[in-house]
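# Observations on the three-dimensional arrangement
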Amino acid sequence: MQGQSNPEQPGSGRAKRERYTPKPETLALLKVSGNPINGLGETTKRKASPFFWHPPDQHPYGELQIVARQSSRKCPGSAPAFMAAYNYPELVPVAEERNEAPAEQLAAELTAFALSHEADAIGIAPMDPLYVFEGYTIDEPWVIVLALSHNYERLKQVPSGETNGVGVTEIGEQYARGTRASFALANWIRSQGYNAKAFPGPGASALLLIPPAIDSGLGELGKHGSLISRQFGSGLRLAGITTDMPLVATRPDRFGADEFCSTCQVCTTACPPGAITEQKQMVRGVERWYVDFDKCIPYFAETASCGICFAVCPWTRPNARPKLLATMARRLGQISPGE
């Protein structure tokens, strides 16, 4: 099926999708392999290079970004959804009077504020230099990551097209919610007398979001290269905030997603371009799951942001997730077989 999205939606009963061949004009825009830029095969740790969704003068995929954006905006409802995601409010000045409460109290107040202002979950991690893209600087010592959950019934209507934009519109709406939530929290922190900056999607900037999300307990890395959450499966988006407010880190959460992905074939089978690899690979000095950029991005660009791997992930299905959690807890020895 050359240059077309598969009209069949996830969950329709068909486990395997037809493979796809990119349009020649799309493939021509993939002028440089993205896998070496991402650090595939590198055995030494380093910062990530600026990449897709960064400003186009920082990577060779600006024309592909345009194709991806145009494809998604053709879908009904998607344009205003994504426009809202890019509607950044003003950051308020940092208050002169500082809230000198203990770090534990500040973290608790911050968490309560975030959860009452559109965030569905929150993680807190001390800054790691590897959270920052090469060529960027972040001075704040703390990273806060917000999780925004998808509506599963809407998300599974991906990939979107010109007659059904429900899936991609859902993606845009959650990015917009992340923008509102991250700027609201940054402004609350600034009102307490501390510096704070917001880093929402879908555009990329200085801060990677998945690594601090994992380290702060929001989930584990899935075979599809994105986060799997205990609460939401793969059906979530992320937004970040950096700050110098004294905080207390939240702990990583191991619940079995990584082990489950080792044998699960659902997303690898469902991926039309076959971009999801069966085994972990070495990427910038870390052995981890990796998605082949050169196979993924042409399909992503042509089919309005795709999202198939998130939607078909067993962890994303609300009725399946509790059973998976219980099964993996037993396998990991976290509960006794009789519980």
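Quick caveat, the model's predicted, so the values are computed rather than measured. What you see as residue numbers is a count from 1 along each chain, following the sequence as written. With pLDDT at 70 or above as the cut-off, local features in this predicted model cover only qualifying residues; side-chain atom pairs require 80 or more to be listed or tallied, and sums for whole chains, interfaces and linings still use all residues. Only hydrogens and water are set aside; all other atoms, that is, all heavy atoms of the structure, feed into the side-chain values.

Moving on, we come to the pairing of strand 6 (residues 236-243). Accessible area is worked out with a 1.4 Å probe on protein chains only. A residue is then buried under 20% of its type maximum, exposed over 50%, and partly exposed in between. Where helices and strands are cited, they refer to DSSP runs of H or I of at least four residues and of E of at least two residues respectively, numbered from the N terminus. The buried count for strand 6 comes to eight of eight residues, which makes it a mostly enclosed element. Burial of the side chains of strand 6 extends over both faces: Leu236, Leu238, Gly240 and Thr242 are buried on one face and Arg237, Ala239, Ile241 and Thr243 on the other. What makes two strands pair is DSSP finding at least two bridges between them. Where strand 2 (residues 142-149) meets strand 6, eight bridges bridge the pair, whose relative direction is antiparallel. By the bridge assignment, Val145 is partnered in strand 6 with Gly240. Relative to strand 6, strand 3 (residues 196-199) runs antiparallel, the two sharing four bridges.

What follows deals with the sheet that holds strand 3. Pairing within the open sheet is antiparallel, and its four strands lie in the order 1-2-6-3. With partners counted over all chains shown, the strands left at the sheet margins are strand 1 (121-126) and strand 3, one partner each. This sheet shows a mean twist of 20° between the axes of neighbouring strands, independent of strand direction. Inter-axis angles, ranging from 0 to 180 degrees, are taken between N-to-C directions of lines fitted to C-alpha atoms, where helices are fitted over the stretch in contact.

Let's shift gears to the nonpolar core. As used here, the term nonpolar core means buried Ala, Val, Leu, Ile, Met, Phe, Trp, Tyr and Cys residues forming a set that is joined through side-chain atoms within 4.5 Å. Ranked by size, the top nonpolar core spans 37 residues in total, and within it Phe52, Tyr61, Leu64, Phe293 and Ile297 carry the most contacts. Not counting residues up to four positions away in its chain, the partners in contact with Leu64 are Thr26, Leu29, Leu30, Phe52, Ile297 and Ala301. Note on contacts: a residue pair qualifies if any of its non-hydrogen atoms lie within 4.5 Å across the two residues.

What follows covers unusual backbone geometry. Across residues other than glycine, the phi torsion is negative in most instances, and most of the peptide bonds are trans. Residue Pro159 is reached from Val158 by a cis peptide bond, and omega for that bond is 0°. One can find Pro159 in the loop between helix 6 (152-155) and helix 7 (166-191). Between Gly201 and Pro202 the backbone carries a cis peptide bond, its omega angle lying at 0°. With respect to the helices and strands, Pro202 occurs in the loop between strand 3 and helix 8 (210-215). Unlike most non-glycine residues, Ala304 shows phi in positive territory, near 55°. Here Ala304 shows up in the loop between helix 11 (293-302) and helix 12 (308-312). On the basis of relative accessible area, Ala304 is assigned to the buried category, the value being 2%.

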